[in-house]
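# Summary of the model geometry
The chain contents come next:
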Amino acid sequence: GPWAGCAGARSSRGPAQVHVVALGADVRTVGVVPASTCALAPDGSFAAFLLEDRSGVTVLDLSNGKKTKLSIENLKITAATFGPKGSTLYVTACAAKDADRSDVFTFSVGLHGWEDANQITNKPKFKVDPKPLPGARYILYQTATQDPNAGGGRSRGRRFRRFRSR
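### Things to note about the side chain of Asp-103
Summarising the element assignment, Asp-103 is placed in strand β10 (residues 102-110). Within the structure, Asp-103 has its side chain in polar contact with the side chain of Arg-101 (distance 2.8 Å). When neighbours within four sequence positions are excluded, Asp-103 is seen to be in contact with Val-91, Thr-92, Ala-93, Gln-119, Thr-121, Asn-122, Lys-123 and Lys-127.

Right under this line is the structure:
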């Protein structure tokens with residue numbers, strides 16, 4: 001059936017949890033994961049949850065509720081998004097301590113489940129907000145000179161301006 005989006009919220013009573021809810025005649029919870037960030041595959045097959053400690057991503061198969069943890073040794077994952085077909089998960093990851101850069105990696109689902117990560121960038125700077133384009137031939141991302149995830153969630157290295165409508 002059709003799937004709702006997923007959203008997380010931090011509670012004063014504990015860590016954030018993301019809820020995935022199936023919509024339709026039978027509204028029901030498909031999964032709950034301790035996380036604050038979630039990405040949905042465009043085809044509705046998977047949801048990916050960024051773990052609170054950034055040690056990896058939990059992927060929830062929405063057809064059967066099976067959870068799979070994906071990680072990259074000695075790296076913290078800072079963002080996750082699915083490719084257009086839903087069979088590839090793009091993540092940005094950096095060193096767990098004293099990071100001076102991040103790179104984009106992919107996890108692909110194969111015949112026997114999720115495969116090991118494949119690094120697709122290898123240049124200086126922090127990669128931010130990866131966006132794979134339809135056709136799987138291109139990916140867009142922003143760069144920052146400082147870790148945008150450092151400093152308790154404050155963005156560093158990128159400037160944002162707030163504009164008021166008149």
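Still more to cover.
### Comments concerning the sheet that holds strand β6 (residues 57-61)
What links the strands of a sheet is backbone hydrogen bonding, and the strands pair in either a parallel or an antiparallel sense. Pairing in this open sheet of 4 strands is antiparallel, and the strands run β4-β5-β6-β7 from one edge to the other. Pairing within the sheet leaves two strands with one partner each, and these edge strands are β4 (35-40) and β7 (67-70). Within the sheet, the average angular offset between the axes of one strand and its neighbour, ignoring direction, is 25°. Note that strand β5 (residues 46-51) and β6 share 5 bridges and pair antiparallel. Its bridge partner being in β6, Phe-49 is matched across the sheet by Thr-58.

### Concerning unusual backbone geometry
For Lys-125, which is not glycine, the phi torsion reads 90° and is therefore positive. With respect to the element layout, Lys-125 can be found in the loop between β12 (118-119) and β13 (126-132). For Lys-125, a relative accessible area of 41% puts it in the partly exposed group. Although it is not a glycine, Asp-129 adopts a positive phi angle of roughly 55°.

### Side note on the pattern of salt bridges
What the rule picks out here adds up to 5 salt bridges. Where Arg-101 meets Asp-103, a salt bridge forms, and the shortest distance between an N and an O atom there is 2.8 Å. By relative accessible area, which is 7% here, Asp-103 ends up buried. One salt bridge in this structure joins Asp-103 and Lys-127, with 3.3 Å as the shortest N-O distance. One end of the pair, Asp-103, is in strand β10; the other, Lys-127, is in strand β13, and 24 residues separate them in sequence. Accessibility assignment for this pair places Asp-103 and Lys-127 in one class, buried.

What counts, and at which threshold
Residues numbered from 1 in each chain as written. Predicted model: local features only at pLDDT ≥ 70, side-chain atom pairs only at ≥ 80, totals over all residues. Heavy atoms only, no water. Helix = DSSP H or I, 4+ residues; strand = E, 2+ residues; numbered from the N terminus. Polar contact = N/O pair within 3.5 Å; in protein donor to acceptor, adjacent residues only side chain to side chain. Contact = heavy atoms within 4.5 Å. Pairing = 2+ DSSP bridges. Axes fitted to C-alpha atoms, helices over the stretch in contact; angles between N-to-C directions. Buried < 20%, exposed > 50% of the residue type's maximum accessible area, 1.4 Å probe, protein only. Salt bridge = Lys/Arg side-chain N within 4 Å of Asp/Glu carboxyl O.

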